[in-house]
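Inside the fold
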Protein chains: 4
Amino acid sequence: AETAVSVREMSKQLGRARVLSSIQHVLIVTKARDNRLIKLTRELALYLMRKPRQGGRGLVVYVDAQLQTSRRFDAAGIERDHPELFRPFPHRRSSSSATSSNGKEDNGDQNEQGQLRYWTAEMCGVTPHLFDFVVTLGGDGTVLFTSWLFQRIVPPVLPFALGSLGFLTNFDFAHHQAVVDSVVESGIRVNLRMRFTCTVYRAVKQEEGGNRKAIKRAETGELLMKGLGRSGWEAIECGWAQGAETLNGKEKQIMCFTTRPVESFEVLNDLVVDRGPSPYVSLLELFADDDHLTTVQADGLCISTPTGSTAYSLSAGGSLVHPEIPSMLITPLCPHTLSFRPMLLPDSMELRICVPFNSRSTAWASFDGRGRIELKQGDHITVTASKYPFPTVCADKQSTDWFSAISRTLNWNQRERQKSFV
Amino acid sequence: AETAVSVREMSKQLGRARVLSSIQHVLIVTKARDNRLIKLTRELALYLMRKPRQGGRGLVVYVDAQLQTSRRFDAAGIERDHPELFRPFPHRRSSSSATSSNGKEDNGDQNEQGQLRYWTAEMCGVTPHLFDFVVTLGGDGTVLFTSWLFQRIVPPVLPFALGSLGFLTNFDFAHHQAVVDSVVESGIRVNLRMRFTCTVYRAVKQEEGGNRKAIKRAETGELLMKGLGRSGWEAIECGWAQGAETLNGKEKQIMCFTTRPVESFEVLNDLVVDRGPSPYVSLLELFADDDHLTTVQADGLCISTPTGSTAYSLSAGGSLVHPEIPSMLITPLCPHTLSFRPMLLPDSMELRICVPFNSRSTAWASFDGRGRIELKQGDHITVTASKYPFPTVCADKQSTDWFSAISRTLNWNQRERQKSFV
Amino acid sequence: AETAVSVREMSKQLGRARVLSSIQHVLIVTKARDNRLIKLTRELALYLMRKPRQGGRGLVVYVDAQLQTSRRFDAAGIERDHPELFRPFPHRRSSSSATSSNGKEDNGDQNEQGQLRYWTAEMCGVTPHLFDFVVTLGGDGTVLFTSWLFQRIVPPVLPFALGSLGFLTNFDFAHHQAVVDSVVESGIRVNLRMRFTCTVYRAVKQEEGGNRKAIKRAETGELLMKGLGRSGWEAIECGWAQGAETLNGKEKQIMCFTTRPVESFEVLNDLVVDRGPSPYVSLLELFADDDHLTTVQADGLCISTPTGSTAYSLSAGGSLVHPEIPSMLITPLCPHTLSFRPMLLPDSMELRICVPFNSRSTAWASFDGRGRIELKQGDHITVTASKYPFPTVCADKQSTDWFSAISRTLNWNQRERQKSFV
Amino acid sequence: AETAVSVREMSKQLGRARVLSSIQHVLIVTKARDNRLIKLTRELALYLMRKPRQGGRGLVVYVDAQLQTSRRFDAAGIERDHPELFRPFPHRRSSSSATSSNGKEDNGDQNEQGQLRYWTAEMCGVTPHLFDFVVTLGGDGTVLFTSWLFQRIVPPVLPFALGSLGFLTNFDFAHHQAVVDSVVESGIRVNLRMRFTCTVYRAVKQEEGGNRKAIKRAETGELLMKGLGRSGWEAIECGWAQGAETLNGKEKQIMCFTTRPVESFEVLNDLVVDRGPSPYVSLLELFADDDHLTTVQADGLCISTPTGSTAYSLSAGGSLVHPEIPSMLITPLCPHTLSFRPMLLPDSMELRICVPFNSRSTAWASFDGRGRIELKQGDHITVTASKYPFPTVCADKQSTDWFSAISRTLNWNQRERQKSFV
């Protein structure tokens, strides 16, 4: 809750101010297997490294370590044609890099490198402060991949599209020189886009002799924990369990489970929990803070940020939500009851999606379309506003950017559209 | 914008604190033509007036002035059975009532009155501070009517339902004595529900000789104002106009209009702009702050608060929106383009819905289902967050109240529902 | 029912065979007030009249009588440039025209006319067999207007679009010469599109002394007709009525109404019943044959043919329905219950939409967007498959035509679309 | 096509006439693992076997072979209490059973059996004519399972629900004795519900040296078959293929595939093709007869019969379709383009759903929720109206049955519903 509010406040201040930054280290993300993109990456890297600045030399550019040996990228050719770029480049920020170089040996090496360097996924995760700036080349998927790379602090991201612009890619690569010039010379203005922190909890069987047993009421199905003061959702969640023994005719003593967090993912668009390969529908229990919202009988659930409202959530019938609205979108996938409609909750809430023990099948979760994992009976995922938002460079004001993206991508207000079908 | 933020902050603080109020003057709203409700109103009024309090006498109760002569309400019978209630009741808050009694003669009379008094719509609009509290008897419609009565400051509202509870009516009249006792003895906790201020602007023809003429570009249709530095939506909005003269072959000089505000309405649920009796579809231009969002080709638009997200907006395909989310819902009615989907914008924005001059037909606006007015070509309505929110008494926490209302009214989680249709 | 089946059979046979017709009299429908269209009409009329055929002279062309005095159409200019077209043209089919010329004086005159003649709405309604063929110039609205003109038998219709093709306008005017040549020389293949016959029934108050009184059960609200053996919907439909007298405490004797048909409309797309200017929602009772389907709480209902499934019904959430499927689409407009979903019934059924006596407001009906009439409490409309289908010329096979229209108009499979929003 | 028409005709005739059948052999389908159902099966079987008829003895009853050894079913107990039921029962239809007893040894045994016999899935598939009648005990799932058992001819099915009725289960087990009496004494009336025949085609790689190679045009991507006269969809379907060799600079010769049918399924509700466990969206190509409808970018497709329109198709946004309408419903699952709306095509068409070679992932198909199989790139499924419809016993007229099922299951017209949410 506190996190959500402070991210929002920071977002507003940042969104209004023009950030005059002294950019020195730029990271380029692209699909390292797409030959056309490799060529453009080379072109962009050269432009950035050779752009003269007041300090003298151009920028330090990190490209994907996979390009180190790429014939198309041809690093050797760059060195042959521009040997000056490969002279050692002076230290970065002495204090912070000193700290990090102690911890990471290869950071020390970097300081001996020239302007062309190579990033790895590990560097993005562990030392994100190395980079002043990220440029992406590709579609919205490349921006999502960047969010995936930076699971904690994210440098400002400047997304270039090739061909037609998308919801997240609001700069055209055709104008990349002018855009880069403007960024380097006049600084940038960023939107802080909310991300979600999704934490996976796995059910852990209590050790034998542990005192967490529970009594299951025969009629109501309610679970009462022995020697346990808690109430609320937990009673509901547990559901049926194997190994129940019959107690005094009707009530049953059942095996009890606790859960522990095992993994955590930051998502920019959405968390999707669905039935995966199972032909049977997932049974999911949905909670918001301590309130049980509903038992979900559907193909699954999409929990989306406002940024993700134009992605999968829209396919599933969700509304378009302006990225400044502090909210979480809950959109059922093919719900089996007509009254389960898309819903928005405040981003200060903690959502919990549980696979109850009485579900016929397991469920599967994916995070921004990646990292598909299985959720077994008894597992759950919590979703909260992240304290690591995702800063993207504005082309115009945030609202204008968003309205433009919608008009453009959904073909609003097109001349052809004027001829409505009625 | 500032208004929206501060209402939100106030809302949170109020929502958390228990307001210990010294309630003395209660107003009862009900359908004064429904015989069953009149009987219950009488019952409730008696309970309130006779409830002994630490000060001695019970509460002062205002009922609808239409009941003054109602045989069923039988005020004379009350006086006959309980003459003590009709002894003059001491002054209210000396300072404020002194002020108002100067201005309003009948207020002076009220101070001589007993505990049973009569309210008029005018009193609600002009001297809302007379009432510590409003009790409604009826359905959600009665709560909306209360919002209509109090177009500025609204006293806290305690809504009783008869039979089944609704989205806004979260207290069952069957338990009214216990609820009233608790309110009088322990105070209340309120939600501040956002309202919208909807302001109607009418097109005013410029006087002859005025210098607001405009040039219409032949190809683009763009309008350029003569001697006018502004840009943005205004250029778009004006559209075609009659009386255009041909200028140098292609460009046209057209008559120009300005608008002025004529009326203003506070809504708790929604503003609906539709084609009214016209068989033709309204053409509407929709703006958010200075951005032109889209040209609406649809039966109309529903602009809804989060509170209204469970009402007409839901019929039109909108999402369910938690009342704490600071947003405005824009939901098209039967849109003629499949890509115009329901949308949410921040409540800090100003929406503007314009009937352009090239619309084939006029449009009609209604405010919480009331006050249907015609919008002619050139008119527009602005919608902003109101500085007069609508405080309703919580039964539980706001979120829990809202989740309960949805589960109850949409039949979520019902046993019958468990048997989904798939 | 029988009608529906036989129309279907005829449709299939016609759809398969190539109709080799000897076309002689062509009627052109267009918007007679659109200057651009008048010019194209003139061009098309000339082409048709001057096209040499095996019989010698070209075709006889009927244009809108409003063009008789149009300066742009300039009939006098045509006569001046092509006097041969104004020589008397030989009789049509002697037998049928003889019959009609007896009844209609101006028909007699026509036989003395040249090749350029003028049609009136009355001629379309009364003597549709005068025309071998109709050509429309304009959008889908012009085709609907043609359906409106021909309320009984409809000659085959060849719809030309200007600019972009629509759902109904599958020929591009840019190729009109080649299309006309092909039609005249090789004949045509037509689709018979189903229309609906919508009959309006008005409530008629029984005369005093009549024996149609009814008893209203106090608890159930059920109506029992005195001296009446019928059951089914009628009992439900009547609802509350004014002027009820109290009978033995609880039951009431109420005034009873019968209905009689007053008007009938053929529609190609849809019948829409909505609340019109009323701010209150219409209460409608919907019946299929003798079954009561549901009490409609919605802004209204759209009853659509398969042809109309791509028009207003689509806006309201209906499915796309292939024109060969013998069905009626029932699509609610902004329904107030989430479970009232769009529905399809067999075209052999008779639908009945009633405004019950307990509706707060009246309802309004429009037929293909025209002829808006008010339905008062007690009135109803029946909808059945018409025995006068609407034949349109195929460009390809019916299915291929329809698939093309959908792809084109809804932008399916467009390159831009390949970039889906997810 | 011919099949669809004749099934429809038969359906109408059967639906109208009351079938007076001489029922002798009844099969009971239920969930053989549900203890409660086993008990009811026993009860029902006894009632059927002991019901005296004009011929003397009661009916011959087949129960699930799994019950042969069930302690709860207790066949031995039945034999102990009712030895007369276990005396050999006279031959059935001498001719047909003679034929089948030759082929099947256990059939020969059956003729020596008493009135209690056991069915196996194989018997349902191979000798469906052994059974005059099927009774199901359970929910809609049990009826679907019955359709699965009888992949060719299906005996009339009488579906009993326990507790609340479903869409397919229109008889309440509480009244089973009266229902069975009426069926045995007065005969039945059946609906013939359309089923689909879904045939799976697998891609088969051509042998080396075969002459089916193709040329892929560089620019258009069009495939031209060498020595092949065909056109239409096939060109589109093949898409990219591996192992392409470069030919004269731009065009490529690619490996070519043909397909052959490998499996066939009859479905009563629907065929669903989705992305299964894959996180990526399936790319599907959809054809109707020879027309390419669209490239599906969605989570999948639901192809549903009118009977299935109240099942999964409804979850995905499809319309409710009366079972007499001869149509196929195509409903996309979470489509990625807003213009891909649910669609209905005539049941005389052949649908084809192809996984093109350029799809990133495979797809999965399930048939009435069963038999989940993987479709690899190059595979396809065809869907046509089946010549083996599914006869169900009517409670009332077919339309009335269907309207009742909808009202009941979707909670239409319920008192609670009258209080709409607006």
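Nothing here was measured: the structure is a model prediction, and the numbers come from that model.

Along chain A, the regular secondary structure elements total 12 helices and 25 strands. For chain A, the proportion of its 422 residues judged to be buried stands at 58%. Considering only residue pairs separated by 6 or more positions, chain A has 71% of its internal contacts joining residues 24 or more positions apart. Split by element, the accessible area of chain A, about 17,500 Å² in all, is 49% carbon and sulfur.

This part is about the sheet that holds strand β14 (residues 270-274) of chain A. One open sheet holds the seven strands; their spatial order is β23(A)-β22(A)-β14(A)-β17(A)-β19(A)-β20(A)-β18(B), and the pairing between them is mixed. Of all the strands in the sheet, the pair left with one neighbour each is β23 (370-375) of chain A together with β18 (320-321) of chain B. The sheet strands contacting helix α11 (residues 398-409) of chain B are β20 (343-346) of chain A together with β18 of chain B, and the helix crosses β20 of chain A at an angle near 165 degrees.

Attention now goes to the sheet that holds strand β18 (residues 320-321) of chain C. With mixed pairing, seven strands are arranged side by side in an open sheet as β18(C)-β20(D)-β19(D)-β17(D)-β14(D)-β22(D)-β23(D). Edge positions in the sheet fall to β18 of chain C together with β23 (370-375) of chain D, since each has one partner strand and no second. Sheet contacts for helix α11 (residues 398-409) of chain C: β18 of chain C together with β20 (343-346) of chain D; angle to β20 of chain D, the most-contacted strand, approximately 165 degrees.

Between chain C and chain D, the residue contacts involve 46 residues of the former and 47 residues of the latter. Carbon and sulfur atoms supply 57% of the area buried between chain C and chain D, which totals about 4,000 Å² over both sides. A per-residue breakdown of the area chain C buries against chain D is headed by Arg 341, Phe 403 and Trp 412 of chain C, which together make up 15% of the total. Where chain C touches chain D, the interface holds zero salt bridges. Looking at the side of chain C that touches chain D residue by residue, the class counts come to 22 nonpolar, 17 polar and seven charged.

The next point concerns the packing of aromatic side chains. Under the definition given, this model contains 30 aromatic pairs over all chains. Ring plane angle 55 degrees and centroid distance 5.8 Å describe the contact between Trp 402 of chain C and Phe 403 of chain C, whose orientation is recorded as tilted. In terms of burial, Trp 402 of chain C and Phe 403 of chain C fall into one category: buried. One aromatic cluster in this structure is built from Tyr 62, Phe 131 and Phe 150 of chain A. Above the ring of Phe 287 of chain B, the side-chain terminus of Arg 352 of chain B is found at 5.1 Å from the ring centroid.

Take unusual backbone geometry next. For Asn 411 of chain C, which is not glycine, the phi dihedral falls at a positive 60 degrees. Within the secondary structure, Asn 411 of chain C sits in the loop between α11 and α12 (415-418). A positive phi angle, close to 50 degrees, is found at Asp 289 of chain D, a residue other than glycine. Within the secondary structure layout, Asp 289 of chain D lies in the loop between β15 (282-288) and β16 (291-298). By relative accessible area, which is 35% here, Asp 289 of chain D ends up partly exposed.

Laying chain C over chain D is done by rotating through 180 degrees and shifting 0.0 Å along the axis; what remains is an RMSD of 0.1 Å. These values place the two chain copies in the arrangement generated by a two-fold rotation axis. Within chain C, Ser 319 of chain C has its C-alpha nearest the rotation axis, a separation of 3.3 Å. Mapped onto chain D, 100% of the interface residues of chain C again fall at the interface, so both copies present the same surface.

It is worth spelling out helix α2 (residues 35-50) of chain A at this point. Helical geometry note: an α-helix holds 3.6 residues per turn, so side chains three or four residues apart project in the same direction. All names here are of chain A. In this model, α2 (16 residues) spans 23 Å end to end at C-alpha, consistent with the 22 Å of a helix rising 1.5 Å per residue. Residues of α2 that are buried in the fold lie against β1 (25-29), β2 (60-64), α3 (75-81), β3 (116-119), β4 (133-137) and α8 (176-186). The backbone nitrogen of Arg 36 lies 3.0 Å from a side-chain oxygen of the residue at the head of α2, namely Asp 34.

On to the confidence of the model for chain A, then. Of the residues in chain A, 75% have a pLDDT of 70 or more, and the chain-wide mean is 81. Considering only residues more than four positions removed or in separate chains, one finds that residues 225-249 of chain A, a stretch of pLDDT under 50, has 48 contacts.

What follows deals with the packing of helix α2 (residues 35-50) of chain B against helix α8 (residues 176-186) of chain B. All names here are of chain B. The N-to-C vectors of α2 and α8 enclose an angle of 35 degrees; their axes lie 11 Å apart at closest approach. Crossing of α2 against α8: the hand is right-handed. For the pair α2 and α8, the contacting residues are Glu 43, Leu 44, Tyr 47 and Leu 48 in the first and His 176, Gln 177, Val 180 and Asp 181 in the second. Looking at the contact of α2 with α8 residue by residue, the classes come out as four nonpolar, two polar and two charged.

With that settled, the discussion passes to the pattern of salt bridges. Enumeration over the complete set of coordinates arrives at 39 salt bridges over all chains. Asp 74 of chain B serves as the salt-bridge partner of Arg 42 of chain B, at 3.6 Å between the closest nitrogen and oxygen. Taken together, the residues span a long stretch of sequence, with Arg 42 of chain B in helix α2 and Asp 74 of chain B in the loop between β2 (60-64) and α3 (75-81) at a distance of 32 residues. What makes Asp 74 of chain B partly exposed here is its relative accessible area of 27%. Here Glu 266 of chain C and Arg 195 of chain C are joined by a salt bridge, their closest N and O atoms 4.0 Å apart. Residue Glu 266 of chain C is located in strand β13 (residues 257-267), and its partner Arg 195 of chain C is located in the loop between β7 (190-193) and β8 (196-205); the two are separated by 71 residues in the primary sequence. In this pair, the class of Glu 266 of chain C matches that of Arg 195 of chain C, namely buried. Each of Asp 274 and Arg 372 of chain A together with Arg 275 and Asp 299 of chain D takes part in a single network of salt bridges with overlapping partners.

Turning next to the pairing of strand β14 (residues 270-274) of chain D. Residues and elements named next belong to chain D. Counting buried positions along β14 gives five out of five residues, so the element sits mostly inside the fold. Residues of β14 alternate between two faces, with Asp 270, Val 272 and Asp 274 on one and Leu 271 and Val 273 on the opposite face, all of them buried. Direction of pairing for β14 relative to strand β17 (residues 300-304): antiparallel, over a ladder of five bridges. Its bridge partner being in β17, Leu 271 is matched across the sheet by Ile 303. In the sheet, β14 pairs with strand β22 (residues 363-367) via four bridges, with the strands oriented antiparallel. Residue pairing in the sheet places Asp 274 in a bridge with Trp 364 of β22.

As a further point, take the side chain of Thr 41 of chain C. The topology assignment puts Thr 41 of chain C in helix α2 (residues 35-50). Look past the residues within four positions of Thr 41 of chain C in its chain and what remains in contact with it is Ile 28, Thr 30, Val 63, Leu 67, Phe 73 and Leu 137 of chain C.

Turning next to the side chain of Asn 170 of chain D. Residue placement: Asn 170 of chain D occurs in the loop between β5 (157-161) and β6 (171-172). Polar contacts involving the side chain of Asn 170 of chain D include one to the side chain of Asp 401 of chain D, which spans 3.1 Å.

Turning our attention to the state of the cysteines. This model, assessed by the stated rule, comprises zero disulfides over all chains. Here Cys 334 of chain D stays unpaired: no disulfide links it, and the sulfur of Cys 334 of chain A, its closest cysteine neighbor, is 5.0 Å away. Classification of Cys 334 of chain D by relative accessible area gives buried; the value is 7%.

Once that is clear, we can look at the pairing of strand β19 (residues 327-333) of chain C. Residues and elements named next belong to chain C. Taking burial as the measure, the seven residues of β19 include seven buried ones, the bulk of the element. The pairing of β19 with strand β20 (residues 343-346) spans four bridges and is antiparallel. From the neighbouring strand, Met 328 faces β20, where its bridge partner is Leu 345.

Within the sequence span of α2 of chain C, burial applies to Leu 37, Ile 38, Leu 40, Thr 41, Arg 42, Leu 44, Ala 45, Leu 46, Leu 48 and Met 49 of chain C. The elements touched by buried residues of α2 of chain C are β1 (25-29), β2 (60-64), α3 (75-81), β3 (116-119), β4 (133-137) and α8 (176-186) of chain C.

So, about the environment of Ser 404 of chain A. Residue and element names in this part refer to chain A. Positionally, Ser 404 belongs in helix α11 (residues 398-409). Judged by relative accessible area, which is 33%, Ser 404 ranks as partly exposed. Linking Ser 404 and Asn 170, residues 234 residues apart in sequence, is a C-alpha distance of 9.0 Å. Polar side-chain contacts of Ser 404 include one of 2.7 Å to the backbone oxygen of Thr 400.

What counts and what doesn't
Residues numbered from 1 in each chain as written. Chains lettered and ligands numbered in written order. Predicted model: local features only at pLDDT ≥ 70, side-chain atom pairs only at ≥ 80, totals over all residues. Heavy atoms only, no water. Helix = DSSP H or I, 4+ residues; strand = E, 2+ residues; numbered from the N terminus. Buried < 20%, exposed > 50% of the residue type's maximum accessible area, 1.4 Å probe, protein only. Contact = heavy atoms within 4.5 Å. Areas by Shrake-Rupley, 256 points an atom, 1.4 Å probe, with all protein chains shown as cover. Pairing = 2+ DSSP bridges. Axes fitted to C-alpha atoms, helices over the stretch in contact; angles between N-to-C directions. Buried area = accessible area lost by both parts, 1.4 Å probe. Salt bridge = Lys/Arg side-chain N within 4 Å of Asp/Glu carboxyl O. Nonpolar A, V, L, I, M, F, W, Y, C, P; charged D, E, K, R; others polar. Phe/Tyr/Trp six-rings, centres within 6.5 Å; stacked < 30°, edge-to-face > 60°. Lys NZ or Arg CZ within 6 Å of the ring centre and 35° of its normal. Least-squares fit on C-alpha atoms with pLDDT ≥ 70 in both. Expected span 1.5 Å × (residues − 1). Polar contact = N/O pair within 3.5 Å; in protein donor to acceptor, adjacent residues only side chain to side chain. pLDDT = per-residue confidence, 0-100. Left-handed = near helix turned anticlockwise from the far one by under 90°. Disulfide = S-S within 2.5 Å.

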